[in-house]
Amino acid sequence: FLETTAYFCMKPKMGEKEVSPHSFFSIWHEFSSDFKDFWKKENKLILQERVKEAEEVCRQKKGKSLYNIRPKHDSGIVSKHCSNT
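Each chain carries its own residue numbering, running from 1 in the direction its sequence is written. For a predicted model such as this one, the threshold for reporting local features is a pLDDT of at least 70, and the threshold for listing and counting side-chain atom pairs is 80 or more; totals across whole chains, interfaces and linings nevertheless cover every residue. Note that the side-chain values use all heavy atoms of the structure and ignore hydrogens as well as water.

## Considerations on the overall build of the chain
Broken down by element type, the chain carries three helices and zero strands. Its helices and strands in sequence order give the chain the pattern α-α-α, from N to C terminus. Residue burial is assigned from relative accessible area. The probe radius is 1.4 Å, only protein chains are included, and a residue is buried under 20% of its type maximum, exposed over 50%, and partly exposed in between. Going through the 85 residues of the chain one by one, you find that 5% of them count as buried. Secondary structure elements follow DSSP: runs of H or I no shorter than four residues count as helices, runs of E no shorter than two count as strands, and numbering proceeds from the N terminus.

This is the structure:
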């Protein structure tokens, strides 16, 4: 614990000889809560960007048809029958 507090350059509060676990973890809890909230917001923004990109790719692929649709020619029994009447 003392090595960890030294690594993060924590200094004891006035009147204390060492950094207490309570003071260290209260600061750590605030930091980790803020970090978690920020992380969630960033992930949500990244997800929204990826969804927009995927939708754009889908729109582009739908615009480019993989096959050609030709108009139907009037041939066959029904068209011959209807034209004779």
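## Remarks on the pattern of salt bridges
Salt bridges are defined by distance alone: a side-chain nitrogen of Lys or Arg within 4 Å of a carboxyl oxygen of Asp or Glu. Taken as a whole, this structure holds two salt bridges when the rule is applied. Between Arg59 and Glu55 there is a salt bridge, with its nearest N and O atoms 4.0 Å apart. One end of the pair is Arg59 and the other is Glu55, both in helix α2 (residues 21-63) and four residues apart, which spans about a single turn. Glu56 is the partner of Arg59 in a salt bridge, and the nearest nitrogen-oxygen pair spans 3.0 Å. Of this pair, Arg59 and Glu56 both sit in helix α2, three residues apart, which is roughly one turn of the helix. By relative accessible area, which is 51% here, Arg59 ends up exposed. You can call Glu56 partly exposed: its relative accessible area is 35%. Among the charged side chains, a salt-bridge network with shared partners connects Glu55, Glu56 and Arg59.

## Some remarks on the packing of aromatic side chains
What characterises a pair of aromatic rings is the spacing of the ring centres plus the angle enclosed by the ring planes. When the centres of two rings from Phe, Tyr and Trp lie within 6.5 Å, Trp using its six-membered ring, the rings pair. Their planes under 30 degrees apart give stacked, over 60 give edge-to-face, and anything left gives tilted. Within the structure shown, the criterion is met by ten aromatic pairs. An angle of 45° between the planes, with centres 5.4 Å apart, marks the rings of Trp28 and Phe31 as tilted. Of this pair, Trp28 and Phe31 are both found in helix α2, three residues apart, which corresponds to roughly one turn of the helix. With a relative accessible area of 38%, Trp28 lands in the partly exposed category. Overall, the relative accessible area of 46% leaves Phe31 in the partly exposed class. By way of ring pairs, the aromatic residues Phe1, Tyr7, Phe8, Phe24, Phe25, Trp28, Phe31, Phe35 and Trp39 are connected into one cluster.

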